[in-house]
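# Residue-level structure breakdown
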Amino acid sequence: PYTGFSGVLEGAEICETDTDHCVLTDAAGRATVQVPIGREFSFTVEKEGFAPFLLPDFIPADSIPADPELFRFLGVGEYERIAHQHELVMSSYPMEGTGSINIPFDNMFSTLSTGCVGVAGITLDLGYAAGKVYYYDEQANWRADLSATSCWGYAGFTEVPPGEVQIEIGGNAENCVVVSGWPGEVENSVRTPIRAGYVSWLHLSCDVPE
């Protein structure tokens, strides 16, 4: 089983992408679904009043623990906040035939309650794919004029055409591990599908200089 959690968000619909295999989160904000092992997969998460998210993942066959229950912490955002963030970087929302990407780094997530406790100095490169990069500032707002992550440790892209893209991680990041997403084809990279109207949510953990 694969368990999704997003705060305490009851009634969010988690579906295997492009299928009618769906479950709803319970009163604790949790849901359990079956997932393939050794094959890339993705789920969508939708709830009225919230932006739709696309959640890619991959579980290697040689990584299965003795206890086969695996947990993932899934992020979603209120519609108004995601719309405002797109507005800050001058991108349309609802999206016009494109998707967006959001990436927190490391296992310590900055939140509105914890404040700015993420990994600073990380950069993203979308290669030849189209898209507009943004980084969170110290007030958790998207900024298109920053050159690397702030201590919030979040970054991403808007206006990315549907399909599949690879994101290379640079700056002061080394030995990046894909926690949620599809493995990249080069060191310190991650791949993700892009679906029009959805935010692809990834999670990486990287070593950084002391």
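Model, not experiment: these values are computed from the prediction.

### So, the overall build of the protein chain
- The secondary structure content of the protein chain amounts to one helix and 18 strands.
- Out of the 210 residues belonging to the protein chain, those deemed buried represent 45%.
- Taking as baseline every contact in the protein chain between residues at least 6 positions apart, the subset at least 24 positions apart corresponds to 66%.
- Counting every atom, the protein chain has about 10200 Å² of accessible surface; 51% of that belongs to carbon and sulfur.

### Comments concerning the sheet that holds strand β15 (residues 182-183)
- The antiparallel open sheet is built from four strands, whose spatial order is β9-β13-β16-β15. One side of each edge strand has no neighbouring strand; the edge strands of this open sheet are β9 (122-125) and β15.

### A word on the pattern of salt bridges
- The final tally for this structure, using the stated rule, is six salt bridges.
- With a shortest N-O distance of 2.7 Å, Arg191 and Glu40 are connected by a salt bridge. Of this pair, Arg191 sits in strand β16 (residues 189-194) while Glu40 sits in the loop between β4 (30-33) and β5 (41-46), placing them 151 residues apart in sequence.
- Assessed through its relative accessible area of 29%, Glu40 is described here as partly exposed.

### Quick look at the environment of Val179
- Take Val179: it is sitting in strand β14 (residues 174-180).
- In sequence terms Val179 and Phe58 are 121 residues apart; their C-alpha atoms lie 8.8 Å from each other.

### Structural notes on helix α1 (residues 79-88)
- For α1, every residue scored as buried is listed here: Ile82, Ala83, Gln85 and His86. Looking straight down α1, one finds its buried side chains confined to an arc of 160°; they lie on one side. Opposite its buried face, α1 presents the exposed residues Glu80 and Glu87, each directed more than 90 degrees away.
- In this structure, the buried side of α1 is in contact with β8 (99-104), β10 (132-136), β11 (142-143), β12 (154-160) and β17 (199-201).
- Met90, located one to two residues past α1, shows a positive phi value of around 60°.

Calculation criteria
- Residues numbered from 1 in each chain as written.
- Predicted model: local features only at pLDDT ≥ 70, side-chain atom pairs only at ≥ 80, totals over all residues.
- Heavy atoms only, no water.
- Helix = DSSP H or I, 4+ residues; strand = E, 2+ residues; numbered from the N terminus.
- Buried < 20%, exposed > 50% of the residue type's maximum accessible area, 1.4 Å probe, protein only.
- Contact = heavy atoms within 4.5 Å.
- Areas by Shrake-Rupley, 256 points an atom, 1.4 Å probe, with all protein chains shown as cover.
- Pairing = 2+ DSSP bridges.
- Salt bridge = Lys/Arg side-chain N within 4 Å of Asp/Glu carboxyl O.
- Arc of directions from axis to C-beta.

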